[in-house]
Amino acid sequence: MNSRRATTATIAGAAIFAMALTGCSASGGGSDDGKITLSVTTFGTMGVDANYEKYMEENPNIVIEATNLEGGGAARDDAYAKIAAGTGLSDVVAIEEGWLSTIQEVSGSFVDLRDYGIEDVKSDWLDWKYEQGTDADGRVIGAGLDIGPQGICYRGDLFETAGLPSERSEVAEYFGGEDASWDRFFEVGNEYVEASGKAFYHSPRFFWNSFVNQQAEGYYKADGETLNIEGNSALKNQLAMIVDAETAGLGAGLPGWDVGPQAKAGDFATYMCPSWMLGIVQGYYDEGTTDSGWDFADVLPGGAANWGGAFLGVAESSEHKEEAAALALWLAAPEQQAAAFEVAGPFPSTVEGQALVADSTNAFFNNAPVGEIFSARSEGVIAQVKGPEDSNIQDNVFGPVFDRIGQGEITDGDTAWDEAMELLNQMVG
Amino acid sequence: MRPWPPVATLTPLTRIGRSMSSTSTTSTTPTQRDTAKSRSALTFRQKLSNFDYKVSPFLYIAPFFILFALIGIFPIVYTLNVSLYDWHLLKGQGDFVGLANYQSVLSDPFFWNAFGNTVSIFLLSALPQLVFATVIAALLDQTLRGKTFWRMSILLPYIVAPVAVAVIFAQIFNQYTGPVAGLLDLFGLDPIRWAFDVLPSHIAIASMVNWRWTGYNALILLAAMQAIPRDVYESAALDGANKIRRFWSITIPMIRPTLIFVVITATIGGLQIFTEPKLFDGRTNGGGSRQFQTIVLYLYELAFPRRDFGRAAATAWILFIIIILAGLINYAITRAIRTNDVKPVKVSKQRPYVTTTYNGGRK
């Protein structure tokens, strides 16, 4: 064997290996040809894509790399993992109300938007929304995007067939108008089921979430630390009411999400609709559909409440904080909030944004005046304090119980409550 | 040429390996003597060549070991470190708690639920998979027209990314709108709650694993079958053994080492199953009521939604130990099978005893 060749080969091999090792670090978000790339991570249907285009047009030196995750849960796990790793967060990150308080425990991962001028436009937002984005030390880590005032989506055609009122103001009135209660809601449900032989809603989960969000204190006390579940008779009674409704056949026994085929088939007739849910219901149908039968009523059993809503934060790890903060504040500005609302339905959290969409109608929902309805639905909303395990309790404590109720495995309220308490102790006890 | 060591001439075929090694041991002595004699006279080039001879093999294998240390050993040790602390995913390291994380995981009914699910899904996937892979391999081992086509076809599922497989199967097994539900309905059968009931969900997930891995394993087994000398089959055929007899008495014993390899890799993979159950219902971590939450999904839930990194790390180590134990069990079973092979020896050992009693009876 030729030893010199072998030696040369060895050295060459080692060199290639060294290059391969170092090569990994060569990549990384940078600015080639003077352009700055900003990454944005959102989730669900936020309706922001068109805004990106507009921003890039107005700011030719910015390139936006957008990622949209399927649901809030995926976005939450993604953000947690990247905060834990200390790297990988997008420059701009959408944060859901449900896990915002967890993020605020490590609020140092996000920049204080006060350093980038959010205080100059503070008065744009509804007070409580701005307050939610502020952590205990007064750092503002989230610029409010949308809020979740709720109304009821219903199938006008199916209501009509079942002999119920189908015109939206009559429907609102039928549910009780301003005095609408959950008792009445389930009563109407029973009427519908009896008349049509079909289920009234797809899953009780959303109505439960809605109810929890209506309480002055939800899963947590107002301090955001003490749990408010065990011995909470309001929650327990509501759960029992839902179990009774399920036993009476009001629920279709479907999972919470991805029920497009069943929606089209008319397997259920109502849907709990916080503003951002409009885009999700609409997403079950082809684009441009106007004859789906869905309509939207200005009513919420139990009174006005907020469910969900997102914030935009800027990662402390961002290489372009200045530009990222500018983009986040621009996306959260009234005009862009209004534009997103027109596309996907998330209702603006700014006063001016709400004014901009006041006359807005939605063709999919039988030309319902959604701007006007949400504006009415957000009157008197008080933001509920969320605790660090809020989204966890929703998904892992009550979620499984509703699955079991929906599948007919649990048929009385006490059992349902006991099972939930057992899960609660497992999870956070 | 040195004379063949006498011991080798006496040993049967199986001893060859050992005798060869003894040959090489004796052969090193003269070489060492040569080097000692001429050490002073070595030129630089010779030294370099010597260095090359001794060191370069290590350099060649170094990349693997360096990478393994970086992405294999380091994480394992670091995980052990994390598992001994109260470690919050976001807030980071807390107090040292010793084995408390292990204790709390092992006393958590959710862990044991995940353990049971993992074993159940593993058995439902590994067993049918092995049987089918062996049968398919045996069929492909026959003289077929369009051999390559068939062989490539069975590998096709393996090319599809697990995420895609999971998404497709989740639709197939959709309780309400999936084609399986449609078929059941067509035959007037009750719908099966694939994502809600425990056993159906395990079957659905196992079918994803089977779909993806059966062909892959079949190809590995086929390679082993192809290595069996054809004359063994011929002699067996001459002795009147039919196809099935040849399969059981020649093919299976001769592919056993490969079978063991396949079993061990299937075990390691099966115990770490994550993608399929995660995506079977993407919004939960293994079903609303943990009907198909596997150990890795349990770990994931602890680490991310629940942000308890210490307990997640402890779970990772427990899983590591479970896998080692499963490997040892596999090894023990293998050894047991091997000793069964040497039945003739056992019989010959027992014979004197049998003979004595027999003789005793006569007397």
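Residues numbered from 1 in each chain as written. Chains lettered and ligands numbered in written order. Predicted model: local features only at pLDDT ≥ 70, side-chain atom pairs only at ≥ 80, totals over all residues.

Draft legend 1. The overall build of chain A, seen in detail. Check the secondary structure of chain A and you find 18 helices and 10 strands. Dimensions of chain A along its principal axes, counting C-alpha atoms only, are 90 × 50 × 45 Å. With 429 residues in all, chain A has 50% of them scored as buried. Long-range pairs, those at least 24 residues apart, make up 76% of the contacts in chain A with a sequence separation of at least 6. (Helix = DSSP H or I, 4+ residues; strand = E, 2+ residues; numbered from the N terminus. Buried ≥ 20, exposed ≤ 12 C-beta atoms within 10 Å, placed from the backbone. Contact = placed C-beta atoms within 7 Å.)

Draft legend 2. Representation of the overall build of chain B. What chain B contains, in helices and strands, is 16 helices and two strands. Residue pairs in contact within chain B that sit at least 24 positions apart in sequence constitute 66% of those at least 6 positions apart.

Draft legend 3. Examining the sheet that holds strand β9 (residues 310-314) of chain A more closely. Residue and element names in this part refer to chain A. Reading across from one edge, β2-β1-β3-β9-β4 is the order of the five strands in this open sheet, with mixed pairing throughout. Sheet topology places β2 (62-69) and β4 (143-144) at the edges, where each strand pairs with a single neighbour. Two elements, strand β3 (residues 92-96) and β9, share five bridges in a ladder whose sense is antiparallel. Looking at the pairing, A94 lines up with L312 of β9. Together, β1 (36-43), β2, β3, β4 and β9 form the strand contacts of helix α13 (residues 321-331), whose direction differs from that of β9 by roughly 165°. (Pairing = 2+ DSSP bridges. Axes fitted to C-alpha atoms, helices over the stretch in contact; angles between N-to-C directions.)

Draft legend 4. Quick peek at the interface of chain A and chain B. Of the residues lining the interface, 27 residues belong to chain A; the matching set on chain B comes to 22 residues. Sorting the residues of the side of chain A that touches chain B by element identifies α1 (3-23), α3 (72-85), α11 (260-264) and α17 (390-406) of chain A as the ones contributing at least two each. With seven residues, the top contributor of residues to the side of chain A that touches chain B is α1 of chain A. Class assignment for the residues of the side of chain A that touches chain B results in 12 nonpolar, 11 polar and four charged. (Nonpolar A, V, L, I, M, F, W, Y, C, P; charged D, E, K, R; others polar.)

Draft legend 5. A look at the sheet that holds strand β7 (residues 270-274) of chain A. Residue and element names in this part refer to chain A. Pairing in this open sheet of three strands is antiparallel, and the strands run β7-β6-β8 from one edge to the other. On the outer flanks of this sheet lie β7 and β8 (294-297), each paired with one strand and no other. Shown here is a sheet whose adjacent strand axes are inclined to one another by a mean of 30°, direction ignored. Pairing of strand β6 (residues 150-155) with β8 involves four bridges; the strand directions are antiparallel. Note on β8: the bridge partner recorded for R155 is W294.

Draft legend 6. Seen up close, helix α8 (residues 182-196) of chain A. Residues and elements named next belong to chain A. The terminal C-alpha atoms of α8 lie 21 Å apart, and with 15 residues this matches the ideal 21 Å at 1.5 Å per residue to within 8%. Of all the residues in α8, the buried ones are W182, F185, V188, G189 and Y192. Burial along α8 is one-sided: seen end-on, the buried residues are contained in an arc of 120°. Exposed and facing more than 90 degrees away from the buried side of α8 are D183 and E194. Those residues of α8 that are buried lie in contact with α7 (168-174), α9 (205-214) and α10 (233-247). A positive backbone phi angle near 75° is found at G197, which sits one or two residues after α8. (Expected span 1.5 Å × (residues − 1). Arc of directions from axis to C-beta.)

Draft legend 7. Representation of the pairing of β2 of chain A in the model. With eight bridges joining them, β1 of chain A and β2 of chain A adopt parallel strand pairing. Counted as the bridge partner of V40 of chain A is A66 of chain A from β2 of chain A.

Draft legend 8. Seen up close, the pairing of strand β2 (residues 92-96) of chain B. Residues and elements named next belong to chain B. Summarising burial for β2: zero of the five residues are buried, a small minority. With three bridges joining them, strand β1 (residues 85-88) and β2 adopt antiparallel strand pairing. Directly across from W87, in β2, lies its bridge partner Q93. From the end of β1 to the start of β2, which pair antiparallel, there are three residues.

Draft legend 9. Local environment of the domain arrangement of chain A. Residue and element names in this part refer to chain A. Parsing chain A into structural domains produces domain 1 (33-147 + 308-356) and domain 2 (150-303 + 376-428). Breaking the side of domain 1 that touches domain 2 down by element, the ones donating at least two residues are α3, α4 (97-105), α5 (127-132) and β5 (146-147). With seven residues, the top contributor of residues to the side of domain 1 that touches domain 2 is α4. (Domains from an automatic or database assignment.)

Draft legend 10. Fine view of the environment of T226 of chain A. Residue and element names in this part refer to chain A. Note on placement: T226 falls in the loop between α9 and α10. Overall, T226 belongs to the exposed group, with 10 C-beta atoms counted inside 10 Å. With 161 residues separating them in the primary sequence, T226 and G387 have C-alpha atoms 8.2 Å apart. Residues in contact with T226, not counting those within four places in the same chain, are Y220 and K221.

Draft legend 11. Broad picture of the packing of α10 of chain A against helix α18 (residues 413-428) of chain A. All names here are of chain A. Two elements in contact, α10 and α18, have axes whose closest approach is 8 Å; the angle formed by their N-to-C orientations is 125°. Classed by the angle they form, the pair α10 and α18 counts as oblique. α10 and α18 meet at a crossing whose hand is right-handed. Two secondary-structure elements touch here, α10 through K236, L239, A240 and V243 and α18 through G413, A416 and W417. Residues that form the contact of α10 with α18 fall into these classes: five nonpolar, one polar and one charged. (Parallel < 35°, antiparallel > 145°, perpendicular 65-115°, else oblique. Left-handed = near helix turned anticlockwise from the far one by under 90°.)

Draft legend 12. Inspection of the environment of P149 of chain A at higher detail. Residue and element names in this part refer to chain A. Following the sequence through the fold, P149 ends up in the loop between β5 and β6. On the basis of neighbour counts, which here come to 25 C-beta atoms within 10 Å, the residue P149 falls in the buried class. Separated by 197 residues in the primary sequence, P149 and P346 have C-alpha atoms spaced 9.3 Å apart. Contacts of P149, omitting those with residues within four sequence positions, involve P274, S275, A304, N306, F347, F374, R377, S378 and V381.

Draft legend 13. Layout of the packing of helix α7 (residues 162-172) of chain B against helix α9 (residues 198-226) of chain B. All names here are of chain B. Following both chains from N to C, one finds α7 and α9 inclined at 135°, their axes separated by 10 Å at the closest point. Between α7 and α9, the angle is such that the two are oblique. Classified by chirality, the crossing of α9 by α7 is right-handed. Here α7 contributes P162, V165, A166 and F169 to the contact with α9, which in turn contributes A204, S207, M208, W211 and R212. Classifying every residue of the contact of α7 with α9 by side-chain character gives seven nonpolar, one polar and one charged.

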